[in-house]
Amino acid sequence: MKIHEILYTVEAIYVHAGTTQLSADSGVVVAVTDIVVHEGFDEMAYTNDVALLKLAQSLSFSSTIQAVSLSASGQQTAASTTATVVGWGSTESSSSFVSGLRKVDVPVWLDAYCAATYENYYMYTRETNICAGESGKGKCGYDVGGPLLVNGQQVGVASWDGYDCATAGSPGVYAEVSYYVDWISQNAVLLYADDAGDAALVANSEDELQYLINKLLHSCGKFGLTISLQKSKIMAHGTTNLPSISIDGNPLQVSILVNGNFKCGGTIINQNWVLTAAHCIDGYGAGSITVHAGSTSSTSSGTTVGVSTTIINDSFDNLEYTDDIALLGLSQSLSFSSTIAAVSLPSSGQQTSAGATGTVVGWGSTSKSSAVSSLRKVNVAVWSDSDCQSTYSDYIYLFMPAMNICAGDSGKGSCDGDDGGPLLVNGQQVGISSWNGFDCATSQYPGVFVEVSYYVDWINQNTR
């Protein structure tokens, strides 16, 4: 929400969702109980023009009400990228707002051009703003506060226009979401905590804190819903009392390190490519990632190779964990041996029967602890799509029958540290470990894996 549009008392503000019309006769209208305006907002210069509204009651997500995907912290949007403005703004200079929702595609401007255009206008700051528009197309009037979207992801919040709307020389100016996404996350959590102290975030690491924040932001249709999340309930225990296994029997397995520290598992596609989960590398540059192969240990002995290229599936959603698949291009070819070998992939569209025995391999937690240092594996039962979908129908992440596969048993399954690693059936990789439910390795909540057969064509196209 754009700050200069909410300089009212909280009692005067309502949010209207789930409709293309401005009339309250359709959709859902919800009151607002709190406002967080960015502390750096300048009403004269329109800098730091972002704000959050806390809703009086939860929104019920449906086909007409959904959470937006936000850009990652520091993420840049390239000049000339096609973006989409959505809103009820004026469609001609003499009119006010329109009654029906509209959208238009516009090109993103180069920062330098926008800064030069507005050097004597409101304060345009390259780090905090993004420009978009062209002659006859752009934001105007009542589009303020609405989104600028690129590939379905919100990269901007409509803030102000120059000398006129939708002209060749005056692009629309937006608050750049990637600059403020950490502020959004931090203040969303503070709004939860303000509700009589009944919100609790317990995290043992920065990565885990971000994980919890993402779940809070996505799972609740309002800020302030009473909720308690504890590490012991999210990353509790996986398979227990498992002996370590030799890499000789599992040469397809690799560990993925970020800045030298173990992050996730992965598998070898060929001598130059590794397969893993997108959330394992999302937000990290290729230069910070290395692949460790040919060892039972996740970090020592074996062979360590740098990464020159990262490819994350274009449709990956870091809130819902859909299309959670990625490829790592290695900086040098692996030498195949008894401890380093390529995995066998299923054919496109191949189905794995419910009840089949799968094998999870990785360095995941085996108790209420962190990942283990030696490779382990366990056999688990594959679930039917219908049973898994029913189990996770109201969960935070999204289970998609065509794209996911579930597997696990009581006391056996994937857990923290197994992410990115394989689910194998008869030596063939049918899944990539993606996420768990409220607990690891329980009879109620199976591990959820990316179904490789759905993506095998994408893998082949990107690793040729």
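Note that the structure is predicted; figures quoted are calculated from it, not measured.

## Regarding the overall build of the protein chain
Across its full length, the protein chain holds seven helices and 24 strands. In the protein chain, which comprises 464 residues, the proportion classed as buried is 52%. Taking the intrachain contacts of the protein chain between residues at least 6 apart in sequence as the baseline, contacts between residues at least 24 apart amount to 67%. Roughly 20100 Å² of accessible area belongs to the protein chain as shown, and the carbon and sulfur atoms make up 47% of that amount.

## Quick word on the pattern of salt bridges
A full pass over the atoms with the stated rule returns two salt bridges. Where Lys137 meets Glu134, a salt bridge forms, and the shortest distance between an N and an O atom there is 4.0 Å. The partner of Lys139 in a salt bridge is Asp161, and the shortest N-O contact between them spans 2.6 Å. Remark: Asp161 occurs in the loop between strand S9 (153-160) and strand S10 (172-176) and Lys139 occurs in the loop between strand S7 (129-132) and strand S8 (147-150); sequence separation between them is 22 residues. What makes Asp161 buried here is its relative accessible area of 14%.

## Points about the state of the cysteines
On inspection of all chains with the given rule, the structure shows four disulfides. Between the sulfur atoms of Cys114 and its disulfide partner Cys131 the distance amounts to 1.6 Å. One disulfide, between Cys114 and Cys131, carries an S-S torsion of -50° and so falls in the left-handed class. Taken together, the positions of Cys114 in helix H1 (residues 111-117) and Cys131 in strand S7 put the pair 17 residues apart, joining distant regions of the chain. Per residue, the accessibility class of Cys114 equals that of Cys131, and both read buried. Note that Cys264 is cross-linked by a disulfide to Cys280, the S-S spacing being 2.1 Å.

## Quick notes on the sheet that holds strand S19 (residues 357-362)
Judged by pairing direction, the sheet is antiparallel, and its six strands sit side by side in the order S20-S19-S22-S23-S24-S21 without closing on themselves. Across the chains shown, the open sheet's two edge strands, defined by having one partner strand only, are strand S20 (376-381) and strand S21 (404-407). Averaged over neighbouring strand pairs, the angle between their axes works out to 35° when direction is ignored. Judged from the two bridges that link them, S19 and strand S22 (residues 422-425) form a sheet pairing that is antiparallel. What sits directly across from Val360, in S22, is Leu423.

## Focus on the pairing of S19
Burial within S19 is extensive, with five of its six residues counted as buried. Bridge count for S19 against S20 is six bridges, and the pairing is antiparallel. What sits directly across from Gly362, in S20, is Arg376.

## Here's the deal with the packing of aromatic side chains
Going through the model one piece at a time under the given rule, you end up with seven aromatic pairs. Taking 6.3 Å as the distance between ring centres and 45° as the angle between the ring planes, the aromatic pair formed by Phe316 and Tyr321 counts as tilted. Comparing Phe316 with Tyr321 shows no difference in burial state: the two are buried. By way of ring pairs, the aromatic residues Tyr392, Trp435 and Tyr445 are connected into one cluster.

## Notes on helix H7 (residues 452-462)
Within H7 the residues assigned to the buried category are Val452, Ser453, Tyr455, Val456, Trp458 and Ile459. The inward-facing, buried residues of H7 contact strand S14 (261-270), strand S15 (273-276), strand S17 (303-312), strand S18 (326-330), strand S23 (428-435) and strand S24 (447-451).

## Quick notes on the nonpolar core
Ile269, Ile325, Leu328 and Ile459 are the most contacted members of the largest nonpolar core, which totals 53 residues. The residues touching Ile325, leaving out its near neighbours within four places in the chain, are Leu275, Thr276, Ala277, Ala278, Ile311, Ile312, Asn313, Ile432, Val450, Tyr455, Trp458 and Ile459.

## Side note on the sheet that holds S18
With respect to topology, six strands assemble into a closed barrel ordered S13-S14-S15-S18-S17-S16, the strand pairing being antiparallel. Here the average twist between neighbouring strands, direction ignored, is 45°. Of the strand pairs in this sheet, strand S13 (residues 253-258) and S14 are connected by six bridges, and their pairing is antiparallel. In the strand pairing of S14, Val258 is matched with Asn261. Across the sheet, H7 touches S14, S15, S17 and S18, and the angle it forms with S18 is around 20°.

## So, the confidence of the model for the protein chain
Of the residues in the protein chain, 80% reach a pLDDT of 70 or more, and the chain-wide mean stands at 81. Of all secondary-structure elements in the protein chain, the lowest mean pLDDT belongs to helix H4 (residues 231-234), at 27, while S15 reaches the highest, 98. Low pLDDT, under 50, characterises residues 1-7; the predicted model gives this stretch 33 contacts beyond four residues in sequence or across chains.

## A look at the environment of Gly421
Secondary-structure assignment places Gly421 in the loop between S21 and S22. In this structure the C-alpha to C-alpha distance between Gly421 and Ile256, which are 165 residues apart in sequence, comes to 9.7 Å. Not counting chain neighbours up to four residues away, the residues in contact with Gly421 comprise Gln253, Gly265, Gly266, Val361, Gln429, Gly431, Ile432 and Ser433.

## A short note on unusual backbone geometry
Even without glycine at this site, Asn151 takes up a positive phi of about 55°. The residue Asn151 is located in the loop between S8 and S9 in this model. Notably, Tyr321 is not glycine yet its phi reads approximately 60°, a positive angle. You can see Tyr321 is positioned in the loop between S17 and S18. For Tyr321, a relative accessible area of 11% translates into the label buried.

Conventions used here
- Residues numbered from 1 in each chain as written.
- Predicted model: local features only at pLDDT ≥ 70, side-chain atom pairs only at ≥ 80, totals over all residues.
- Heavy atoms only, no water.
- Helix = DSSP H or I, 4+ residues; strand = E, 2+ residues; numbered from the N terminus.
- Buried < 20%, exposed > 50% of the residue type's maximum accessible area, 1.4 Å probe, protein only.
- Contact = heavy atoms within 4.5 Å.
- Areas by Shrake-Rupley, 256 points an atom, 1.4 Å probe, with all protein chains shown as cover.
- Salt bridge = Lys/Arg side-chain N within 4 Å of Asp/Glu carboxyl O.
- Disulfide = S-S within 2.5 Å.
- Pairing = 2+ DSSP bridges.
- Axes fitted to C-alpha atoms, helices over the stretch in contact; angles between N-to-C directions.
- Phe/Tyr/Trp six-rings, centres within 6.5 Å; stacked < 30°, edge-to-face > 60°.
- Core = buried A, V, L, I, M, F, W, Y, C linked by side-chain atoms within 4.5 Å.
- pLDDT = per-residue confidence, 0-100.

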